[in-house]
Every structure is written in structure tokens, then in C-alpha cells.
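Architecture at a glance
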Amino acid sequence: MRPKSVLTRSSAASNKIVTAPTERRAHKIAAWTRVVRPRMSPPASRRPDGAYRKASSSDHQTKDAEMPELPDVEGFKRVLAKSALGKTIDQVVVNDARILGKLPARAFISRLNGSKLIEARRHGKHLMAHVDRGGWLTLHFGMTGALQFLRKPDNEPPFTRVRIDFSDDGSLVYINKRMIGRVDLVEDAADFVAGENLGPDALDRRFDFDAFRAAVFGSKRDVKALLMDQKVIAGIGNIYSDEILFRARINPAERTDKLAPSQLKHLFSVMRKVLRTAVARGAGSEHFIDRLPEGSLLPERRKGGRCPHCRSVLKVFKIGGRTAYCCPRCQKC
Ligand SMILES: [Zn+2]
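Here's a quick rundown of the structure.

Definitions and limits used
- Residues numbered from 1 in each chain as written.
- Predicted model: local features only at pLDDT ≥ 70, side-chain atom pairs only at ≥ 80, totals over all residues.
- Heavy atoms only, no water.
- Axes fitted to C-alpha atoms, helices over the stretch in contact; angles between N-to-C directions.
- Helix = DSSP H or I, 4+ residues; strand = E, 2+ residues; numbered from the N terminus.
- Left-handed = near helix turned anticlockwise from the far one by under 90°.
- Contact = heavy atoms within 4.5 Å.
- Nonpolar A, V, L, I, M, F, W, Y, C, P; charged D, E, K, R; others polar.
- Expected span 1.5 Å × (residues − 1).
- Buried < 20%, exposed > 50% of the residue type's maximum accessible area, 1.4 Å probe, protein only.
- Pairing = 2+ DSSP bridges.
- Donors = N, O, S within 2.8 Å, 3.2 Å for Na, K, Ca; no water.
- Tetrahedral: all angles 85-135°; square planar, octahedral: opposite > 155°, others 65-115°.

The contact between helix α1 (residues 70-83) and helix α7 (residues 261-281) brings their axes to 9 Å, and the two run at 35°. For the pair α1 and α7, the sense of crossing is right-handed. In contact with Leu70, Pro71, Glu74 and Arg78 of α1, α7 contributes Leu275, Ala278 and Val279. Residue composition of the contact of α1 with α7, by class: five nonpolar, no polar and two charged.

And the structure:
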């Protein structure tokens, strides 16, 4: 039976809305779902990669923080698929409503309460879960987001923004230290992907070399920026673009239309191989990079790091505001 909810406005703090199930859970005051709304929500603006960005003071402290990329989000998808699919949602806790998309927190909660997540999909850096009563839960992890499954909800990690409790115990927690990212409910997954202006997923089987060549052909942009453009190819960010270009021995600053046809073909096959290998080994962009095969750039991707192939000190420079690492000898950068 679907738990109904009532809304009561807290007299102590006008910016808090307390949502309490009225029926079988009414006695569990401690388990009430609390929605904390900011008095003034900063305006959201769309980032070039499709994520919502909401300004916060901490944004300025780590300007070049890296965000979860395709391999990380594929890992979150596995967490969701393994631990949450088919289970009835007992309660949804929104600790900070600023992370939600257009849907108000109350509507978000009531649509999920009593439902089940029945399918997990990933497109680029977006994770989507089909809700059995219709619609899709969408998760974007921004710069510092993650998804974890907890056996006991009392172990809630810091910066948990949304928690989904299941009736047979266990909770899915969306964590995001900085308020960059988004949790939302949409009607249709394909419409959502189209609405976000996302290009094909970098590991989509239908995205073959001909499609890749058509997507990048003739571009005068540098190849690193193009690989990272979610409208062209979805899933690759600052870190994996460096790994892919290092493995392909291509200068990140090279103009795409200057690449020889053989280089373009090589780049495509290396892109697939690097991402598939990371996914298969459970490596992410910042976590578990030691799981990547020998000769990978990422474990050396730091100031003073050395090329795993020729031991040259890596060159560090900015491309389009992002920090690129490359080997001056192997990649002629
Ligand atoms: Zn080298």
C-alpha cells in the first residue's frame, strides 16, 4: 500500500518542510522525511557538459576538481543494479532540495514512495533508473557526486543529499559534497537524453567508427576539447581524455581536422579500449586508478609525474580552461 504523506510547515524554521507518512509509519517520528529548503536558492545555469551548476562558496576553492566520468558512472550503475532493482521504496529522504531538478521535493518524494526501480541505464555521465509506476529517476554526479548502497541507513555518509530506503532494509544514498549535479524525475529516458543535448554514449555499440568520424569530421577544435564535448560524445571528461590521447599518442592540442585518417581511426579504437578496460577493471577517474593496466597515464597524472613509456616529465598546460597532461616526447605536445 502506498504511504500517503502530509505536509506540515515547521513553526520553528519557516524554511523547513516536514513530510510525514500518515499511515503505518506515522508513529515513527524519527523516520520522518525531512526536506530542507534554502530561503534563497541560487539560480541554476547549464554547464557546457550538461550538468546543472549552482554557485557555492566552495566552488572557488578547487577550480580544477575532476568529475566522475563514464567509468565511474558505470560503477554507480552496477551499484544500483545489484542492490536496488526490484525492491520497494519505503521512504525517500531529501536532505538538500537544491540538488533536485524542476520537480518540487514533495512531488519527487511522493512519486517514488511505494515504487520500485526496475531498470538501470547509463548515457554518458548520466545514470537513469526506470520507475515501475512510470518515469525515470535521473542522477548526475557533477564534480564530487557518488552513489552508495548502505545496509543500514544510520551510517549515512557526510554530504548525503538524497537517500532512498527500501522496505527490506538497505538504502541507496546519493552523495555530493559540492552542490554541482542533479537528481530528478523525468517522463522518458530517450527524451531526457535528447533534451540534455547529449551525443552518443562513447561505448554505445551503434556508435561505430563511421558515426565517430561523422561526429568529429572537419572540426577545427582541439581534439581534447572535442572528446570532452558531451554534445559530440557523451561520457569522456578531463581525465579520460588525457588517458585516451596518451594511449593514442596524439597531442591534446592538435586540431581535429589536422589528424590523418589513420590517426582518427586509431583514436576511435583506443577510446573504446581505454573506456572498456576501465569499466571491466572497475577503475574510475580518481578512484581505483591502480586497477588500470601497466603503461597507463592516470597513475602518473600529477605535477612532476613521468611518462610511463619514456619517463619524460609530463607537460601540464591548460586547454579551454581545463588542465591537460601529456608526454612531450610521445605525444609531441
Ligand atoms: Zn613519453
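Spanning 14 residues, α1 covers 20 Å between terminal C-alpha atoms, matching the ideal 20 Å at 1.5 Å per step. When we look at burial in α1, the residues that qualify are Leu70, Pro71, Asp72, Val73, Glu74, Phe76, Leu80 and Ser83.

Now for the sheet that holds strand β11 (residues 160-166). Strand order in the open sheet formed by four strands is β6-β11-β12-β10, with antiparallel pairing between adjacent strands. Looking at strand neighbours, the two that pair on one side only are β6 (89-94) and β10 (145-150), the edges of this open sheet. Within the sheet, the average angular offset between the axes of one strand and its neighbour, ignoring direction, is 15°. Alignment of β11 against strand β12 (residues 171-176), held across five bridges, turns out to be antiparallel.

What follows covers the coordination of the zinc ion. Each protein donor to the zinc ion is listed here as Cys307 (SG), Cys310 (SG), Cys327 (SG) and Cys330 (SG); together their distances run 2.2 to 2.3 Å. Every donor counted, the four donor atoms about the zinc ion form angles of 100 to 113° at the centre, which fits tetrahedral coordination. Expressed as a motif, the donor residue spacing for the zinc ion is C-x2-C-x16-C-x2-C. Note that cysteine 307 is positioned in the loop between α7 and β14 (315-319) and cysteine 327 in the segment after β15 (322-326), a separation of 20 residues in sequence. Like cysteine 307, the residue cysteine 327 is buried in the burial classification.

Let us look at the sheet that holds strand β8 (residues 126-131). Taken together, the four strands give an open sheet; going across it, the order is β7-β8-β9-β13, and neighbouring strands pair in antiparallel fashion. In this open sheet, the two edge strands, each paired with only one partner strand, are β7 (117-123) and β13 (182-186). Each strand of the sheet is rotated relative to its neighbour by a mean of 20°, with strand direction disregarded. Taken together, the six bridges between β7 and β8 define a ladder with antiparallel strand orientation. Residue pairing for β8: glutamate 119 is matched across the bridge by histidine 130. The sheet contacts of helix α2 (residues 105-112) involve β8, β9 (136-140) and β13, and relative to β13 the element is tilted by about 60°.

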